[in-house]
Amino acid sequence: MDAPPAASNGLAAAASHAASSALSSSSSAAAAAAAAAAPASRLHLISDEQQFTPSLAESLQQWHLLDAGFAYNLCAVLGSQSTGKSTLLNRLFGTSFDVMDERVRGQTTKGIWLCRALSSPLLVMDVEGTDGRERGEDQDFERKSALFSMASAEVLIVNLWEHQVGLYQGANMGLLKTVFEVNLALFQSGKGRSSSTGRDKTLLFFVIRDHVGATPLSNLRETLLADLARIWDGLNKPEGQEASRITDFFDLSFTTLPHKLLQPDEFERQVAQLRERFVERDHADFVFKKEYHKRIPADGLPMYLETIWEQVMTNKDLDLPTQQELLAQFRCDEIASAAFAVFTTGAKVFKKPIEAGQVLETLGAEMGALRSEALAAFDKAASRYHAEVYRRKRSELLEKLNATLSPLFMGQLKNTHKLVLASFRSAVLERLRGDTYDFADVVSSERQRALARFEAAAQAVQLAETDWSVEEETQQLATAIDAIADQCRAEETKKMLALIERALKKAIAEPTEMALASPGTEMWDGVLEAFGKALAQAEATYLRKAKSFNATEEESVLALAALRRRAWRALRAKLDEQTADSFLAAKLRSVFEDRFRYDEAGTPRVWSPTDDIDGLYRAARDETLALVPLYARIEPTNASLLPSIPSTADDPSHAALVERGEEEEFDFDASLLLFGEARKADVAARLRKEADAYYVEAKRSTVSSIAQVPVWMYAVLAALGWNEAMAVLRSPLYFAFMLILLASAYVVYRLNLSGPLVQVSKAVGREVHRLADGALREHFQQPLPQPAMLRDDSAPAPSRAAAPEKAAVREQKAAPQPEEIELSER
Ligand SMILES: Nc1nc2c(ncn2[C@@H]2O[C@H](COP(=O)(O)OP(=O)(O)OP(=O)(O)O)[C@@H](O)[C@H]2O)c(=O)[nH]1
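Quick look at the structure, then. (Residues numbered from 1 in each chain as written. Predicted model: local features only at pLDDT ≥ 70, side-chain atom pairs only at ≥ 80, totals over all residues. Heavy atoms only, no water.)

1. Brief notes about the sheet that holds strand 3 (residues 112-116)
What links the strands of a sheet is backbone hydrogen bonding, and the strands pair in either a parallel or an antiparallel sense.
Piece 1. On the basis of which strands lie adjacent, the open sheet formed by 7 strands has the order 1-3-4-2-5-6-7 and mixed pairing. With partners counted over all chains shown, the strands left at the sheet margins are strand 1 (43-46) and strand 7 (250-256), one partner each. Across the sheet, the mean angle from the axis of one strand to that of its neighbour is 25 degrees, orientation sign disregarded.
Piece 2. Where strand 5 (residues 155-161) lies against strand 6 (residues 202-209), 7 bridges are found, and the strand directions are parallel. Residue pairing for strand 6: Val-155 is matched across the bridge by Leu-203.
Piece 3. Most of the contacts of helix 4 (residues 85-93) go to strand 4 (residues 122-127), to which it runs at about 170 degrees, and overall it touches strand 2 (73-79), strand 4, strand 5 and strand 6.
Piece 4. Helix-sheet contacts for helix 5 (residues 140-152) involve strand 1, strand 2, strand 3, strand 4, strand 5, strand 6 and strand 7, and the interaxial angle to strand 4 is about 170 degrees. (Pairing = 2+ DSSP bridges. Helix = DSSP H or I, 4+ residues; strand = E, 2+ residues; numbered from the N terminus. Axes fitted to C-alpha atoms, helices over the stretch in contact; angles between N-to-C directions. Contact = heavy atoms within 4.5 Å.)

2. Notes on the nonpolar core
Piece 1. Core analysis: the biggest nonpolar cluster contains 184 residues, and Leu-45 and Phe-278 have the highest contact counts within it.
Piece 2. Aside from chain neighbours lying at most four places away, what touches Leu-45 is Gln-51, Phe-52, Thr-53, Leu-56, Ile-112, Trp-113, Leu-114, Met-125, Phe-148 and Leu-305.
Piece 3. Residues Phe-592, Trp-607, Ile-613 and Ala-698 belong to the second largest nonpolar core, which totals 9 residues. (Core = buried A, V, L, I, M, F, W, Y, C linked by side-chain atoms within 4.5 Å. Buried < 20%, exposed > 50% of the residue type's maximum accessible area, 1.4 Å probe, protein only.)

3. A short note on helix 5
Piece 1. Over its 13 residues, helix 5 runs 19 Å from end to end, which matches the ideal 18 Å to within 8%, given 1.5 Å per residue.
Piece 2. Counted residue by residue, helix 5 has 11 buried out of 13 residues, so it is predominantly covered. (Expected span 1.5 Å × (residues − 1).)

4. Observations regarding a nonpolar patch on the surface
Piece 1. Together, Tyr-746, Val-747, Tyr-749, Leu-751 and Leu-753 line one region of the surface with nonpolar side chains, adding up to about 560 Å² of accessible area.
Piece 2. Residue placement: Leu-753 occurs in the loop between helix 25 (732-750) and helix 26 (754-780). (Patch = residues over 30% accessible without salt bridge, like charges linked within 9 Å, V, L, I, M, F, W, Y side chains within 5 Å. Areas by Shrake-Rupley, 256 points an atom, 1.4 Å probe, with all protein chains shown as cover. Salt bridge = Lys/Arg side-chain N within 4 Å of Asp/Glu carboxyl O.)

5. Topic: the packing of aromatic side chains
Aromatic rings considered in pairs are described by the distance between their centres and by the relative angle of their planes.
Piece 1. This model, assessed by the stated rule, comprises 22 aromatic pairs.
Piece 2. Note on Phe-592 and Tyr-617: the rings are 6.2 Å apart at their centroids and 85 degrees apart in plane angle, and the pair reads as edge-to-face. Here the residue Phe-592 occupies a position in helix 17 (residues 581-597), and Tyr-617 occupies one in helix 18 (residues 613-625), the gap between them amounting to 25 residues.
Piece 3. The class for Tyr-617 is buried, based on a relative accessible area of 7%.
Piece 4. Look at Tyr-617 and Tyr-695: their rings are 4.9 Å apart centre to centre, the planes differ by 45 degrees, and that puts the pair in the tilted class. Of this pair, Tyr-617 sits in helix 18 while Tyr-695 is found in helix 22 (residues 677-706), placing the two residues 78 residues apart along the sequence.
Piece 5. Through a chain of ring-to-ring contacts, three or more aromatic side chains come together here, namely Phe-592, Phe-596, Trp-607, Tyr-617, Tyr-694 and Tyr-695.
Piece 6. Against the face of Phe-70 rests Arg-295, its NZ or CZ located 4.0 Å from the ring centre.
Piece 7. Positioned above the aromatic ring of Phe-675 is the side chain of Arg-679, whose terminal nitrogen or guanidinium carbon lies 4.6 Å from the ring centre. (Phe/Tyr/Trp six-rings, centres within 6.5 Å; stacked < 30°, edge-to-face > 60°. Lys NZ or Arg CZ within 6 Å of the ring centre and 35° of its normal.)

6. Observations regarding the pairing of strand 3
Piece 1. Here strand 3 lies mainly inside the structure; 5 of its 5 residues are buried.
Piece 2. Judged by which residues are buried, strand 3 turns out to be covered on both faces: Ile-112, Leu-114 and Arg-116 on one side and Trp-113 and Cys-115 on the other are all buried.
Piece 3. Pairing between strand 1 and strand 3: 3 bridges, direction antiparallel. Following the sheet pairing, Ile-46 is matched in strand 3 by Ile-112.
Piece 4. Looking at chain direction, strand 3 and strand 4 are connected through 5 bridges and run antiparallel. Note on strand 4: the bridge partner recorded for Trp-113 is Asp-126.

Shown next, in the form of structure tokens:
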């Protein structure tokens, strides 16, 4: 960019005029700024070598126009070389274009220069003059510069001398023909042009210089219009535009200026008047009408002008609307990228916490704000471009923004899902810890709360203008909640079934023990009656509780079947325990004992040699042995007492449970058999041996009673001692001794010494009795048969072996039988 030349008088005048016009039209601040401003530096937009400058954006920035949007104007001046174009522009706009040195006379402006007007947001293009000697017959640049100016400028100032008007063959007419031709080419696609609305028109502003006043402006205007019409008619118009008129594309305006050198004051005055039309927006004849604007935002101007110039240089078809669209695309992309970059930096902040599983309470609002900021930044700059392109690019940007935010949204949902699920689980478990709860109530209220919480969190993070959906995630959460609820329910059911089972076990224990302790044909009826009652109660309890578990009919049926099986297994376990070897042996022994050792009245038998020990033994043994098959199989006399317990094999769903190892195989019919033939034989053999032991003991007790000292022996002793008694009475010595004894007895009695003496005597008596008894026994003792000779060595002695088992049986019985009490007393 070239430095401006020293401000001339004209320039200072322009500046001061700008200040005054700014003051009069808008604000004093703007006026002050304008007054203080120096002419802007000019920019060699297209160099002598026809190269486009890379510094336009920089210059626009310096001229404070880069962010002006559409609030700027652009005009270009065309005309023959050295016709005072630069001089006019500098006077009109306070620009700093080079003016020809009078002494040299030659082409001053080469290529195209651009400068900002001093007092208004106006860009002025000074285009190399046509017909110059320097470029000779080469009309190429003239066409290119015309094309370039037409594509960018709202107003084309056509500068010509008065004496050139009417010279149809002159340089200006050639220039105008070129302008018209390129105009048609620019809009050949017909897009974007609407002659009815007047949009995309260009103003041709004819400035007739050195107007001496002899020919009035109106005449000059008519002449020029006639020339223009003739040129227009002679053009080769593109298809579809054959009937078009010049005014479809151009507005035409004409003005004159006096000779600058001959009438300098008048020249300056009229220039000042003309300036008003260019800078004062409120002026009635303000030249920059809206419809002339090329709708290129200032920030897109560098790109646009460069592209246009490239197209011009490569002689490609230059279709202006297409160029505008391309520019819009390019710029919208650039603006979107800039906005997106800022947005991405902002969005990155949320990424880590979300990935770490956090739930960010304000994420929705912050994402929304971030997205709005990005869109606002895009809208601000991009909305000035081609509307359709802008809309398309905006929706692309929105999509991109949403795509960036989507993982955050999904992450937040997932984290919320986890959080809500965990709270649901802990809340349910917490409430299930108490005693008084309704499972269905707990689960449904917590489920509702969890889903509502999730819904609220999801809504908070969902943005408008997205296709994000929370339905799937909500569905997944509901499924996960239901799975946890099912799990809890299964555990609760298990707990409940275990409680019911425990109660049932307790209920059947005592009746079962009592029934089995007194075997008989109706033994099993008692057991099964008690079981039936306990089972009915258990089922009732289950059904009552199952209601609060939301169990379905089908689930209840299955659970009841399982409960029956468990109850039956519990009964079987009790029966197995009660018919275990030691218990069963004790029971049978007890029965045998009752029948063998006690008579019908329940009195213990004292065996005498006359008793039919063998007969009683056989009867008692056979009766007891007959009980073994009774214990071996559950067989009530009343078959209806047998419960209906479904076997797992008959139930496909339970067969599946068995396969999974969740329930054992169960066959009701098989479960009725407590033990088989082999064990029956074993139990019988054992009982026989024990009975044998009792038999031997009975026999031995008979022999013992025979070995007692007979009563008549004492009579014999009295008879034999009669003589000795007479001898004592007749002998004075013995008699005296007897008297002394009697006297001693009297003294003892009188002195009350009988107690201790009786004690001593008793002790002495007991000792004497013991010694005498021992002596007699020894005397009459006969050898007895050894037990080993009578019974098998392996059989336990009844007193030794039976004692602990009997004690065990007694411990097992919760309430001793009357018979047992009797026995123990005995
Ligand atoms: N007769 C006449 N001469 C003028 C007028 N204005 C400027 N000049 C003179 O014309 C000569 C050319 O002026 P420029 O302003 O350099 O003309 P230009 O058309 O910009 O020249 P190029 O940029 O070389 O095409 C200078 O010597 C000016 O003094 C005018 O109104 N009437």
